[in-house]
Amino acid sequence: MFRCSVRLIKGLTQITWLREQPVLPNLLYRRSVPAAYLPSRALRVTWPCAEEVKDFSLPNPSWSQNMRNLYNKYMELSQQGSWIRLPSYNVTATHLIGKAEQCPDSAKPQVTTRLFTRNLDVEGLGFEYVMFYNQAELRTVGIFQAGPYLEGPIGLTHGGAIATIVDTTSGACAICTLGKVKTANLNINYRSPITLGSTVEVQCRVDKIEGRKIFMSTEIRSADSQVLHIEATALFIQMKMSE
Ligand SMILES: CCCCCCCCCCCCCC(=O)SCCNC(=O)CCNC(=O)[C@H](O)C(C)(C)COP(=O)(O)OP(=O)(O)OC[C@H]1O[C@@H](n2cnc3c(N)ncnc32)[C@H](O)[C@@H]1OP(=O)(O)O
């Protein structure tokens, strides 16, 4: 356990992606997942070793043309410097440790966790999304395609899945702006349903920051911006230094 912690701390000092992002505050989570929260039976190990890490926010064959068009639009804006594409991994810790961490077999944990939004192994069935952050404007944009396993009412996206995307996109904005945060409050107005398979654009912005509190608002619109699906607000609390 002690050796694992030492290795983790060593890895944190070798972060490549985060270190290259001067806009991002210190995102490093100090604690590992308490054993009580882990499944008792060993699962297949996924750990952020360089050769294993896959970035899930890159285009894959399941992406619709609308998804690709929006992705290309924000990639072009990224090249102009105003936006940064946020990489997305299927283990939360990978966002914090980065690809530089090398793990010999002896350092691999016996069990692992999965980021909720990346917990399916087949492309296109669940959450397909990519997020971009604009530091100057304190905004994130999420491009989200709802897969068939996110069904709520027949043919429509489950409200909880939509809440997840709101939480994820506004949470990423809060993290990029303030560092480690937790969601304290989420309010969602569902204005019109999101059809399964469709692509929508999630626009999040920071409304205000008061001490450790960061207030966000979010709008989800259809890919052509014509249909308003969601209006939401969220409050994130910056974690204390000791956490
Ligand atoms: C590179 C980036 C990419 C990242 C990709 C990854 C994407 C993943 C992103 C996914 C993101 C998903 C993220 C997730 O899913 S996080 C998981 C879901 N959230 C939780 O489990 C949080 C559970 N709650 C708590 O842990 C605590 O209650 C927190 C931490 C929230 C506050 O406890 P703490 O002891 O720290 O603070 P405090 O109690 O001194 O309060 C401090 C201030 O806050 C005000 N306050 C507190 N609560 C509320 C409330 N409900 N409404 C209004 N106000 C509230 C409070 O009045 C006070 O205000 P003031 O008196 O100072 O004015």
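What counts as what
Residues numbered from 1 in each chain as written. Predicted model: local features only at pLDDT ≥ 70, side-chain atom pairs only at ≥ 80, totals over all residues. Heavy atoms only, no water. UniProt positions renumbered as here; feature names shortened; annotations may be inferred. Helix = DSSP H or I, 4+ residues; strand = E, 2+ residues; numbered from the N terminus. Expected span 1.5 Å × (residues − 1). Buried < 20%, exposed > 50% of the residue type's maximum accessible area, 1.4 Å probe, protein only. Salt bridge = Lys/Arg side-chain N within 4 Å of Asp/Glu carboxyl O. Pairing = 2+ DSSP bridges. Axes fitted to C-alpha atoms, helices over the stretch in contact; angles between N-to-C directions. Contact = heavy atoms within 4.5 Å. Near = heavy atom within 4 Å. Polar contact = N/O pair within 3.5 Å; in protein donor to acceptor, adjacent residues only side chain to side chain. Domains from an automatic or database assignment. Core = buried A, V, L, I, M, F, W, Y, C linked by side-chain atoms within 4.5 Å.

If you check an unreviewed UniProt entry, the chain appears there as Acyl-coenzyme A thioesterase THEM4 from Microcaecilia unicolor. Listed under Sequence similarities (unreviewed entry) in UniProt, the entry text for the chain is "Belongs to the THEM4/THEM5 thioesterase family."

Considering helix α4 (residues 159-178)
The terminal C-alpha atoms of α4, which comprises 20 residues, lie 28 Å apart, in line with the 28 Å expected from a rise of 1.5 Å per residue. By the criterion of burial, α4 is predominantly enclosed, with 15 of the 20 residues buried. Just downstream of α4 lies Gly179, where phi reads positive at about 95°.

So, the pattern of salt bridges
Overall, the coordinates contain nine salt bridges when judged by the stated rule. Between Asp121 and Arg114 there is a salt bridge whose closest N-O contact spans 3.0 Å. Between Asp207 and Arg205 there is a salt bridge whose closest N-O contact spans 3.1 Å. Residue Asp207 is classed as partly exposed on the basis of its relative accessible area, which comes to 40%. Overall, Arg205 belongs to the partly exposed group, its relative accessible area being 46%. A network of salt bridges, in which partner residues are shared, links Lys208, Glu210 and Lys213.

A word on the UniProt feature "domain: Thioesterase" (unreviewed entry) in the chain
As recorded in UniProt, the feature "domain: Thioesterase" (unreviewed entry) lies at residues 155-227. The span residues 155-227 carries 27% helix and 44% strand; its end-to-end C-alpha distance comes to 17 Å.

Thoughts on the pairing of strand β3 (residues 139-146)
Within β3, seven of the eight residues are buried, which leaves the element mostly enclosed by the surrounding structure. As judged from the eight bridges shared by strand β2 (residues 127-134) and β3, these two strands associate in the antiparallel manner. Directly across from Asn134, in β3, lies its bridge partner Arg139. In this sheet, strand β5 (residues 199-210) lies alongside β3 in antiparallel orientation, the contact comprising seven bridges.

Regarding the sheet that holds strand β1 (residues 84-86)
As summarised here, the arrangement of the seven strands in space is β1-β2-β3-β5-β6-β7-β4, forming an open sheet in which the pairing is antiparallel. A strand with exactly one partner marks an edge of an open sheet, and here the two such strands are β1 and β4 (181-190). Taking the axes of each pair of neighbouring strands and ignoring which way they run, one obtains an average angle of 25° across the sheet. Across 10 bridges, β5 lies against strand β6 (residues 213-222) in antiparallel orientation. In the strand pairing of β6, Glu210 is matched with Lys213. Lying on the sheet, helix α2 (residues 65-79) is in contact with β1, β2, β3 and β5; it crosses β2 at an angle near 20°. Those strands touched by α4 are β1, β2, β3, β4, β5, β6 and β7 (228-238), and its axis lies near 135° from that of β4.

Some details on the site of the ligand
Lining the immediate surroundings of the ligand are 12 residues, of which Thr183, Ala184, Arg212, Lys213 and Lys240 lie closest. The side chain of Arg212 places a nitrogen or oxygen atom 2.5 Å from an oxygen atom of the ligand. Between the ligand and Lys213, the relevant distance is 2.7 Å, taken from an oxygen atom to a side-chain nitrogen or oxygen of the residue. At the level of secondary structure, the elements contributing two or more residues to the shell around the ligand comprise β4 and β7. Both domain 1 (1-54 + 89-119) and domain 2 (64-87 + 120-243) contribute no fewer than three residues apiece to the shell around the ligand.

Some words on the environment of Ser57
When you line up the elements, Ser57 lands in the loop between α1 (2-12) and α2. Sequence-wise, Ser57 and Val130 are 73 residues apart; in three dimensions their C-alpha atoms are separated by 4.7 Å. When residues no more than four places from it in sequence are discounted, the contact partners of Ser57 are Trp63, Tyr71, Arg85, Leu86, Pro87, Ser88, Arg118, Tyr129 and Val130. A polar contact is formed between the side chain of Ser57 and the side chain of Asp55, at a distance of 3.0 Å. Reaching out from Ser57, the side chain makes a polar contact with the backbone oxygen of Leu86 at a distance of 3.3 Å.

Re the nonpolar core
Ranked by size, the top nonpolar core spans 33 residues in total, and within it Phe144, Met216 and Ile220 carry the most contacts. Of all the secondary-structure elements, those providing two or more residues to this core are β2, β3, α4, β4, β5, β6 and β7. Looking at this core, the element that brings in the most residues is α4, giving 10 residues. Among residues more than four places away in sequence, those in contact with Ile220 are Ile162, Ile165, Val166, Ile194, Val200, Glu201, Val202, Val227, Leu228, His229 and Ile230. Met67, Leu70, Tyr74 and Trp83 belong to the second largest nonpolar core, which has 10 residues in total.

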